[in-house]
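# Structural description and commentary
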Amino acid sequence: MKKLAVLSGAGVSKESGINTFRDSGGLWEKYPVQQVASIEGWYADRALVLDFYNARRRDLKDRRPNKAHRLIAGLEKYFQVTVITQNIDNLHEQAGSTNVIHLHGEVTKAIGEGEDPTDPSNITDIGYGDIRIGDKSRRGNQLRPFIVWFGEPVPMIGRAASVVSECDMLLVIGTSLNVYPAAGLVNYIKYGTPLWLIDPNPIRVDYGNYTQITDVATSGMEKFTEMLLNGGLADGQE
Ligand code: APR
């Protein structure tokens, strides 16, 4: 089976009712990113940061995958699909995607402050519950969201880069490609590998020939799927 890598961002969850970060009315307009999504912000005011992610976790409880998530999951019938997402929600998994790399962590998980995020025994699945000051990990450290904040390393970036360097096609959907190292993943595709973008706004990518479907995620994915399956781009469809 051909390998399809999908790099997704907040735009793919927008039609599920979850705000993006940098669109007008986005999250960072309401909450200064340095205050709620950086390691400095955590040290400055742990309770504020816990409240921010408690609110996002509670909101996620009522959100469902949209058609874009479902179409991406459905491509696993025709491709070996790896989803590399910048999103901390679990909507790709809820839609049925079985191979998801969360570059920026997962809001339904927690870890003890200062503990190694690459050690699975440090990660606790908390579902949609709150984390409070005083909640401790089994090692006795204050629990924090299992999120990669600005100013922290991105443990999964190496694995994501090899997925992109080995893929036969890369789809970038719903991301402004503003944040590194995630945005730099586009540079790992082998020369000549087809690159597709789905975004309602024009996205500039410094790569040879690429195709942008200028549309929202749901209808963009319908067009992309149509093109893949009817264009014979899936395996065994010469
Ligand atoms: N369908 C598809 N794309 C959409 C839609 C939609 N309905 N609505 C908006 N978009 C696009 C926007 O045009 C933009 O390009 O989604 C993108 C959202 O960009 P950002 O808000 O910057 O989100 P993202 O790229 O995921 O941010 C990356 O930045 O703040 C950090 O850690 C955070 O993971 C996040 C990272």
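Parameters and conventions
Residues numbered from 1 in each chain as written. Predicted model: local features only at pLDDT ≥ 70, side-chain atom pairs only at ≥ 80, totals over all residues. Heavy atoms only, no water. Axes fitted to C-alpha atoms, helices over the stretch in contact; angles between N-to-C directions. Helix = DSSP H or I, 4+ residues; strand = E, 2+ residues; numbered from the N terminus. Parallel < 35°, antiparallel > 145°, perpendicular 65-115°, else oblique. Contact = heavy atoms within 4.5 Å. Nonpolar A, V, L, I, M, F, W, Y, C, P; charged D, E, K, R; others polar. Pairing = 2+ DSSP bridges. Core = buried A, V, L, I, M, F, W, Y, C linked by side-chain atoms within 4.5 Å. Buried < 20%, exposed > 50% of the residue type's maximum accessible area, 1.4 Å probe, protein only. Phe/Tyr/Trp six-rings, centres within 6.5 Å; stacked < 30°, edge-to-face > 60°.

### Some points on the packing of helix α6 (residues 67–74) against helix α9 (residues 217–230)
Their axes nearest at 8 Å, the elements α6 and α9 cross at an angle of 25°. Classed by the angle they form, the pair α6 and α9 counts as roughly parallel. When α6 is examined against α9, the residues K67, A68, L71 and I72 are found in contact with a partner set consisting of A217, T218, M221, E222 and T225. Broken down by class, the residue content of the contact of α6 with α9 amounts to 5 nonpolar, 2 polar and 2 charged.

### Remarks on the sheet that holds strand β8 (residues 195–198)
Sheet strands line up and pair through hydrogen bonds in the backbone, either parallel or antiparallel. Ordered in space as β3-β2-β1-β7-β8-β9, the 6 strands form an open sheet in which the pairing is parallel. The strands lining the two open edges of the sheet, one partner per strand, are β3 (100–102) and β9 (210–213). Strand after strand, the sheet turns through a mean of 15° between neighbouring axes, direction not considered. Pairing of strand β2 (residues 80–85) with β3 involves 3 bridges; the strand directions are parallel. By the bridge assignment, V83 is partnered in β3 with V100.

### Section: the sheet that holds strand β6 (residues 143–147)
With antiparallel pairing, 3 strands are arranged side by side in an open sheet as β5-β4-β6. Strands with a single pairing partner mark the edges of an open sheet, and in this sheet they are β5 (123–125) and β6. Each strand of the sheet is rotated relative to its neighbour by a mean of 45°, with strand direction disregarded. Across the face of the sheet, helix α5 (residues 46–61) comes into contact with β4 (105–112) and β6 while running at roughly 60° to β6.

### A short note on the nonpolar core
With 25 residues, the main nonpolar core has I84, L103 and L170 as its most contacted residues. Sort the elements by how many residues they give to this core and helix α8 (residues 157–166) lands first, with 4 residues. The contact partners of L170, leaving out residues within four places of it in the chain, are A5, L7, V164, V186, I189, T193, P194, L195 and W196.

### Regarding the packing of aromatic side chains
Summed over all chains, the structure comprises 7 aromatic pairs. The interplanar angle of 25° and the centroid separation of 6.2 Å between the aromatic rings of W28 and F52 together place this pair among those described as stacked. Remark: F52 occurs in helix α5 and W28 occurs in helix α2 (residues 27–30); sequence separation between them is 24 residues. Summarising the burial analysis for this pair, W28 and F52 share the class buried. On the numbers, 4.9 Å between centres and 85° between planes, the contact of F52 with Y53 is edge-to-face. Take F52: its relative accessible area is 4%, and that puts it in the buried class. An aromatic cluster is built from F21, W28, Y31, W42, F52, Y53 and W149, whose rings are joined through pairwise contacts.

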